[in-house]
Amino acid sequence: MAVDSPLGPPACEKDAKALQLLEELTRNVDSVQEKLLAEILSSNSETEYFKRFNLNGATDRESFKSKVPVVAYEDLKPDIQRIANGDRSNIFSPHPITEILTSSGTSAGETKLIPIIHGDLDRRALFRSFLMPIMNLYVPGLDKGKGMYFLFVRSETKTKGGLLARPALTSYYKSEHFKNRPFDPNNDNTSPNEAILCSDAFQSMYAQMLCGLIMRQEVLRAGAMFASGFLQAIRFLQLNWMQLADDICTGTLNPKVTDSSIRECMAKILKSNKELAEFITKECSDKNWKGIIARIWPNMIYPDVIITGTMAQYIPTLEYYSNGLPIACTSYGSSECFFGVNLKPMVKPSEVSYTILPNMAYFEFLPHEQSSSSALSRDSPPRLVDLADVEVGKEYELVITTYACLNRYRVGDILRVTGFYNAAPHFKFMKRKNVLLSVDLDKTDESELQKAIETASLLLGEYNTSVEEYTSCIETKLIPGHYVIYWELLVKDLANSPTEEVLSQCCLAMEESFNSVYRQLRAAGNSIGPLEIRIVRNGTFEKLMDYAISRGASIGQYKVPRCVSLTPILELLDSRVVSKHFSPSLPHWTPERRR
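**Structural notes on the overall build of the protein**
Next, step 1: The helix and strand tally for the protein stands at 22 helices and 21 strands.
Next, step 2: Since a compact globule built from 595 residues should have a radius of gyration of about 25 Å, the 25 Å found for the protein is in line with a globular shape.
Next, step 3: Its C-alpha atoms give the protein principal-axis dimensions of roughly 75 × 70 × 50 Å.
Next, step 4: For the protein, buried positions account for 55% of its 595 residues.

Listed below in C-alpha cells is the structure:
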C-alpha cells in the first residue's frame, strides 16, 4: 500500500517510491552531495585533468575546492576538441566517451560540445522518473488520457574522431531508454515513435499534429520542451489545417509525407471521420483563434512547457490561444546536466521555482556579485557556496561538477534562492548570463548584436548614412517570434536615402553575422522568423532618455539599453516608427562535420 508523502498522497505504489526517494534526497542534501563528489573524485582521480592540479587521489571537498579551478567552456574547449578529434586518453573520465552533446549555448558563435559517458543516460532517466509522480499530486487522473507532446530529433553529425554529436533531446529520443520504454499510462503520448524519430521537420510535425487531432478527446495535457516550440505547433496548425482536415475526411495521408515508417504507422491510426473533419474546418476557418487550444482539445487541463527565463515572453500568447489554461512548468536542466524539478508545477509562471536534486551532479554557487567578472583568478579562487548553504533572497551563478567531463564548470545561469523544501533550496531562474536576445534555443549577447549592426551598417556607406543609435526586442505576437532592431539613422543626403531593398539587405546581413545556432533555427528549424529593422524618427532616442530620467535615472550615468521589454518603452518606440523592413531570404547554414 502506498504511504503518503509529505508532499501529498501518491497516486500509486510506483509514485510512492519516487516520492520517498525525493524525500530522502531533499532531507539529506549535504551528505548526498559530499558522497557524490567523493565518487566523482575517486572515479576520476587518475585522469589527466585532475593530475594537472595535484589532487593526488584526494576525495574531500576542501582539497577539491582549493586545487581545482572554476572554469568556463573556453577553458575546457582544447581538451574537448581532443576528444572530438579521436583522442581516447583518460582526459576527463576513465569511462569511454559514448557521444558528444551539442549545447544550444553558444561560445564564440558556435555550439558547445559536451562529452558524455554511458551512465549519464541513466541519470537523465532517473530524473524524468520524478516528474509525473509530482504532477499526479496536483492533477489526478492523468493516466486516464493522453499527452500531446511535440517531440523532435534534430540533425546529428560525427566528429573527426567518429563520435556522434547531437542535441541532448535527440540523444534521448534515439536511445533504448526511449524507444523501448514500457507502456506507462502516465506517459501515454499521441505522437508515435515513427513521427518523433523522423528527421524531416515538416513530416514529423504533420504526423504528430494529425495524431493529436484524431485523438483530441483523449488529450489531457499538451506541450513541447519550450513554450516557443508548442506555439510553433499551433502556427503549423494555422497554416496546414485544410490539408489535415482533408486527410481526416478521406482517411488518406497527405502525399507530402513520404517517410515509409510514418505512412505505415499512420495507416493503423488514420480512418475516415467526416464529422471530425467538419469540426476542424469550422474551428480553424474562424479568423478568431482566441482559445483555439481549449476549443479543439476540450479536455486539456494544462499546457506543459518551460516558461521561465526568455520563454516568459510567450506567456501572453500561450494564454491567448489556450483561453487562460494554467501552465505547468515541471523541470530545469540543460545539455550539460539535469538540475531540478518544480515541486509546485501548477503555480503561476511568475512564481515558478525549481528544487535542485543533489544526486544529479555536484553543485556549487558563485555569488552573483563575483560572477560579473567573466574570468576568475586561478591564483586566488573564489569561495563558492555549497548547495545546502545558499541563502534565501541571494542570487548566484550555477557551477557544476559532473561524472563525465565538467569540473567546477560555470553554466551561465543566474538563480535566486526563494526558499527550501526540507534541506533542499528552491531556485527561481533569473536569466542567462550575458544573453540579450533569444527566441528559441538561440542566444545572442550584446557584443554579437553590436558586431551584426556594424556589419549591416557597411551597406549604408554609399548612401552617406550611418546608424546613430539602436536598441532591440523580441516580437512574439507572430509565430515564430523574431528579432526586432530599432534604428535611428543619420542621413546626410536626403536625396540619396537608403532604399527599401538596401534596408532589407541590412536585415539579412545582420542574420548572416549571427552565430550558427541562430542561422540553423532560421534556415532549417523554422523556429525563428525573419529579422525586422524598424526605422524610427530622429530624436526618438532622446525621448527614450527623457523617459528614463523621468523615472529616476541619472542623466550622467544613462546608457541606451540595447534590449528593451517594458511596455511603455516599446510603445514609445513603435509610435515613432517610420518604416519596417524584413530579411528577404534565409541566412546561409549548412550542417558541418565536427572537427
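**Some points on the side chain of His581**
Next, step 1: Position of His581 among the secondary structure elements: in strand E21 (residues 577-582).
Next, step 2: Separated by 2.7 Å, the side chains of His581 and Glu500 make a polar contact.
Next, step 3: Within the local environment of His581, its side chain forms a polar contact with the side chain of Ser579, the two groups lying 2.7 Å apart.

**Re the nonpolar core**
The nonpolar side chains of a soluble globular protein tend to be buried with one another.
Next, step 1: One finds Leu237, Trp297, Phe363, Phe365, Leu398, Trp487 and Met510 to be the most contacted residues of the largest nonpolar core, which totals 156 residues.
Next, step 2: When residues in this core are grouped by element, the largest group, eleven residues, is from helix H12 (residues 227-250).
Next, step 3: Apart from the residues within four sequence positions on either side, Leu237 is in contact with Met209, Leu213, Leu244, Cys284, Trp289, Ile296 and Trp297.
Next, step 4: In this structure, Cys473, Val484, Tyr486 and Phe541 belong to the second largest nonpolar core, which totals ten residues.

**Some remarks on the packing of helix H11 (residues 201-214) against H12**
Next, step 1: Interaxial distance between H11 and H12 falls to 9 Å at its minimum, and their mutual angle equals 70°. Here H12 runs roughly perpendicular to H11, going by the angle between their axes. Mapping the contact onto sequence places Phe202, Met205, Tyr206, Met209, Leu210, Leu213 and Ile214 in H11 and Gln232, Ala233, Phe236, Leu237, Asn240, Gln243, Leu244, Asp247 and Ile248 in H12.
Next, step 2: Classifying every residue of the contact of H11 with H12 by side-chain character gives twelve nonpolar, three polar and one charged.

**Comments concerning the sheet that holds strand E9 (residues 338-341)**
Next, step 1: Taken together, eight strands build an open sheet; the order of strands is E8-E9-E10-E15-E14-E13-E11-E12 and the sheet is antiparallel. The strands lining the two open edges of the sheet, one partner per strand, are strand E8 (331-333) and strand E12 (385-386).
Next, step 2: Where strand E10 (residues 354-356) meets strand E15 (residues 424-432), two bridges bridge the pair, whose relative direction is antiparallel. Bridge pairing in E15 places Thr355 opposite His426.
Next, step 3: Sheet strands in contact with helix H2 (residues 29-43) are strand E11 (362-367), strand E13 (395-401) and E15, and its direction is about 110° off that of E11.
Next, step 4: Contacts between helix H6 (residues 118-128) and the sheet are confined to E8 and E9, with E9 contributing the most and set at about 10° to the helix.

**Considerations on the environment of Val392**
Next, step 1: Residue placement: Val392 occurs in the loop between E12 and E13.
Next, step 2: Remark: the alpha-carbon pair of Val392 and Met135, spanning 257 residues in sequence, is separated by 25 Å.

**Quick word on the environment of Leu572**
Next, step 1: Structurally, Leu572 is set in helix H22 (residues 567-575).
Next, step 2: Taking the C-alpha atoms as reference points, Leu572 and Tyr547, separated by 25 residues in sequence, lie 9.2 Å from one another.
Next, step 3: For Leu572, the residues in contact, after removing those within four places along its chain, are Thr540, Lys543, Leu544 and Tyr547.

**Here we look at the packing of aromatic side chains**
Two aromatic rings, taken as a pair, are described by how far apart their centres are and by the angle between their planes.
Next, step 1: As enumerated under the stated definition, the model contains 22 aromatic pairs in all.
Next, step 2: Ring geometry for Phe514 and Tyr518: centres 4.9 Å apart, planes at 65°, overall edge-to-face. The pair Phe514 / Tyr518 is uniform in exposure class, with both members buried.
Next, step 3: Over the ring of Phe178 we find Arg181, and its NZ or CZ is 3.9 Å from the ring centre.

**Notes on helix H18 (residues 446-457)**
Next, step 1: The first and last C-alpha atoms of H18 sit 16 Å apart over twelve residues, in line with the 16 Å expected at 1.5 Å per residue.
Next, step 2: Listed in full, the buried residues belonging to H18 are Glu448, Leu449, Ala452, Ile453, Ala456 and Ser457.
Next, step 3: Elements in contact with the buried residues of H18: strand E16 (435-437), strand E17 (444-445), strand E18 (465-475), strand E19 (482-491) and helix H19 (500-513).

**A word on the layout of surface pockets**
Any space left empty among the atoms is revealed by the rolling of a water-sized probe across them.
Next, step 1: In this structure, the second largest pocket occupies an estimated 920 Å³ of space.
Next, step 2: Taken together, 30 residues form the lining of the second largest pocket, with Gln313, Ile474, Thr476, Val564 and Ser565 sitting closest to its centre.
Next, step 3: Going through the elements one at a time, helix H16 (315-322), E15, E16, E18 and H22 are the ones with two or more residues in the lining of the second largest pocket.
Next, step 4: Among the residues making up the lining of the second largest pocket, the classes are represented as 15 nonpolar, eight polar and seven charged.

**A few points about the pattern of salt bridges**
Next, step 1: All chains considered together, the criterion is met by 31 salt bridges.
Next, step 2: When the shortest N-O distance is used, the salt bridge between Arg52 and Asp79 registers 2.8 Å. Highlighted residues: Arg52 in the loop between helix H3 (48-51) and helix H4 (61-67) and Asp79 in helix H5 (residues 73-84), separated in sequence by 27 residues.
Next, step 3: Residue classification places Arg52 among the partly exposed residues on the basis of a relative accessible area of 38%.
Next, step 4: Overall, the relative accessible area of 6% leaves Asp79 in the buried class.
Next, step 5: Across the pair Asp87 and Arg82 runs a salt bridge, and its minimum N-O distance is 3.0 Å.
Next, step 6: On the basis of relative accessibility, which here comes to 24%, the residue Asp87 falls in the partly exposed class.
Next, step 7: Three or more residues are tied together by salt bridges with common partners; here these are Asp30, Arg61, Lys65, Glu364, Asp386 and Arg408.

**With respect to the confidence of the model for the protein**
Next, step 1: With 94% of its residues at a pLDDT of at least 70, the protein reaches an overall mean of 90.
Next, step 2: For the protein, the element scoring lowest by mean pLDDT is helix H17 (residues 368-371), at 74; helix H14 (residues 274-285) scores highest, at 97.

**A closer look at empty space enclosed by the protein**
Next, step 1: Applying the stated criterion to the full structure yields five cavities of 30 Å³ or more.
Next, step 2: Taken as a whole, the largest cavity holds about 140 Å³ of empty space.
Next, step 3: Forming the walls of the largest cavity are 15 residues, and the residues nearest its centre are Asp120, Arg124, Glu336, Cys337 and Thr402.
Next, step 4: Put simply, the parts of the chain that give the lining of the largest cavity at least two residues each are strand E2 (110-117) and H6.
Next, step 5: Partitioned by chemical class, the residues of the lining of the largest cavity number nine nonpolar, two polar and four charged.
Next, step 6: Its volume calculated, the second largest cavity comes out at about 50 Å³.

**Some details on the sheet that holds E21**
Next, step 1: The strand order E18-E19-E20-E21 describes an open sheet built from four strands, whose pairing is mixed. A single partner strand is all that each edge strand has here, and the edge strands are E18 and E21. Strand-to-strand twist in this sheet, taken as the mean axis angle between neighbours without regard to direction, amounts to 25°.
Next, step 2: Across five bridges, strand E20 (residues 532-536) lies against E21 in antiparallel orientation. Following the sheet pairing, Arg534 is matched in E21 by Lys580.

Reading the values: the criteria
- Residues numbered from 1 in each chain as written.
- Predicted model: local features only at pLDDT ≥ 70, side-chain atom pairs only at ≥ 80, totals over all residues.
- Heavy atoms only, no water.
- Helix = DSSP H or I, 4+ residues; strand = E, 2+ residues; numbered from the N terminus.
- Rg over C-alpha atoms; globule rule 2.2 N^0.38 Å.
- Buried < 20%, exposed > 50% of the residue type's maximum accessible area, 1.4 Å probe, protein only.
- Polar contact = N/O pair within 3.5 Å; in protein donor to acceptor, adjacent residues only side chain to side chain.
- Core = buried A, V, L, I, M, F, W, Y, C linked by side-chain atoms within 4.5 Å.
- Contact = heavy atoms within 4.5 Å.
- Axes fitted to C-alpha atoms, helices over the stretch in contact; angles between N-to-C directions.
- Parallel < 35°, antiparallel > 145°, perpendicular 65-115°, else oblique.
- Nonpolar A, V, L, I, M, F, W, Y, C, P; charged D, E, K, R; others polar.
- Pairing = 2+ DSSP bridges.
- Phe/Tyr/Trp six-rings, centres within 6.5 Å; stacked < 30°, edge-to-face > 60°.
- Lys NZ or Arg CZ within 6 Å of the ring centre and 35° of its normal.
- Expected span 1.5 Å × (residues − 1).
- 1 Å grid on protein atoms, 1.4 Å probe; cavity = no way out; pocket = protein on both sides within 12 Å on 5 of 7 lines; lining within 4 Å.
- Points joined across faces, edges and corners; volume = space filled by probe spheres on them.
- Salt bridge = Lys/Arg side-chain N within 4 Å of Asp/Glu carboxyl O.
- pLDDT = per-residue confidence, 0-100.

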